[in-house]
Amino acid sequence: MCSSDLEPDAAGRLRTAALELFETVGYETATVAQIAERAGVTPRTFFRYFADKPEVLFAGSEALEEEMVAAVNATNPEASPRVALDAALDRAAEMLTQRAEFARRRHAVISANPPLIERETMKMARLTIGVATALRERGMNPPAAAMTAHAGVAAFREAFATWATDSRLSLRRAITDNLETLTVLND
């Protein structure tokens, strides 16, 4: 074991090293051994933190879902489903804005690699299920909860893609604009 395997934030160093390599040599070309070497740890340490190479980009998605669901659950029980959804989207925007540089760079790597796009799509599906479940638990009927969650996550996903390529934008404003676009369709 390398002494640096025991240093704090090995997982963070691995994420940074992986992202740098994916940007410079390409996702497909970069190896776990190269990522580990760049982070100053062994490949074995890599696998202590991440199940596989793609997971280095997707670790933490559970935290986003947990935070969004917690935000739905924390809203006043008398609040409308839209208020609960907005609370979840506020929390998502806040989390990603705090990590804007990494989030934008990660998005560029994922967008350039079809297998990663597929994994990101699965992550968004799990996020939708989590939000829909939380809305149902608030008393919303299942079809309406599912459609609300789908609309919210779609608005989030499209806003994120725009925000990730334009640092002048507010992620939360872009999400709100997308939701308002959906509302206009009802007129």
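Residues numbered from 1 in each chain as written. Predicted model: local features only at pLDDT ≥ 70, side-chain atom pairs only at ≥ 80, totals over all residues. Heavy atoms only, no water.

Okay, helix H2 (residues 32–39) next. Among all positions of H2, only Val-32, Ile-35, Ala-36 and Ala-39 are buried. The buried residues of H2 occupy an angular sector of 95° when the element is viewed end-on, so they sit on one face. Along its buried surface, H2 packs onto helix H1 (10–24) and helix H3 (43–49). Backbone geometry just downstream of H2 places Gly-40 in the positive-phi region, at approximately 80°. (Buried < 20%, exposed > 50% of the residue type's maximum accessible area, 1.4 Å probe, protein only. Helix = DSSP H or I, 4+ residues; strand = E, 2+ residues; numbered from the N terminus. Arc of directions from axis to C-beta. Contact = heavy atoms within 4.5 Å.)

Moving on, we get to helix H5 (residues 61–74). Between its first and last C-alpha atoms H5 spans 20 Å; for 14 residues at 1.5 Å apiece the expected length is 20 Å, and the two agree. Within H5, the full set of buried residues consists of Ser-61, Leu-64, Met-68, Val-69, Ala-71 and Val-72. Here the buried residues of H5 occupy an arc of 155° about the axis, which is enough to place them on one side. Residues of H5 that are exposed and point over 90 degrees away from its buried face: Glu-66 and Ala-74. Turning to H5, the residues buried within the fold contact helix H4 (55–58), helix H6 (81–98), helix H8 (114–137) and helix H9 (142–165). (Expected span 1.5 Å × (residues − 1).)

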